[in-house]
Amino acid sequence: MNRIKEVLEQKGIKQTWLAEKLGKSYNTVNAYAQNRQQPRLEVLYQIAEILDVDIKELLISNTNKK
């Protein structure tokens, strides 16, 4: 699963809210969450800041941490 999508679900945050905070369209954020498009590094930093997570949380799968 995509880490952006995972973090949004864990925090109970909607993609529409994130899109508004980023100043991006819902379709763009949805493409990030569905792995159809990768955000630029600057945008990834913004997403991490908005979601209050370390950027590593968005880059590294936690499937091995179970």
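Residues numbered from 1 in each chain as written. Predicted model: local features only at pLDDT ≥ 70, side-chain atom pairs only at ≥ 80, totals over all residues. Heavy atoms only, no water.

Chemist: Where do I start with the packing of helix α2 (residues 15-22) against helix α3 (residues 26-33) in this structure?
Modeler: To describe two helices that pack against each other, one gives the angle between their axes and the distance between the axes. Relative orientation of the contacting elements α2 and α3 amounts to 115°, with a least axis distance of 8 Å. Two packed elements cross with a definite hand, and for α2 against α3 that hand is right-handed. In contact with Q15, T16, L18, A19 and L22 of α2, α3 contributes Y26, V29, N30 and A33. (Axes fitted to C-alpha atoms, helices over the stretch in contact; angles between N-to-C directions. Helix = DSSP H or I, 4+ residues; strand = E, 2+ residues; numbered from the N terminus. Left-handed = near helix turned anticlockwise from the far one by under 90°. Contact = heavy atoms within 4.5 Å.)

Chemist: Could you clarify how one ought to interpret the pattern of salt bridges in this entry?
Modeler: A side chain of one charge can pair with a side chain of the opposite charge if their charged atoms are brought near each other. If you walk through the whole model with that rule in mind, you get three salt bridges. In this structure, the salt-bridge partner of R3 is E57, at a minimum N-O distance of 3.3 Å. One end of the pair, R3, is in helix α1 (residues 3-11); the other, E57, is in helix α5 (residues 55-59), and 54 residues separate them in sequence. Here E57 falls in the partly exposed class, since its relative accessible area comes to 31%. Through salt bridges that share partners, R3, E6 and E57 make up one connected network. (Salt bridge = Lys/Arg side-chain N within 4 Å of Asp/Glu carboxyl O. Buried < 20%, exposed > 50% of the residue type's maximum accessible area, 1.4 Å probe, protein only.)

Chemist: It is not clear to me how the nonpolar core should be interpreted in this structure. Could you clarify?
Modeler: It is characteristic of soluble globular proteins that their nonpolar side chains tend to be buried jointly. Residues I4, L18, L22, I47, L51 and L58 are the most contacted members of the largest nonpolar core, which totals 15 residues. Per-element accounting of this core gives the leading share, five residues, to helix α4 (residues 41-51). (Core = buried A, V, L, I, M, F, W, Y, C linked by side-chain atoms within 4.5 Å.)

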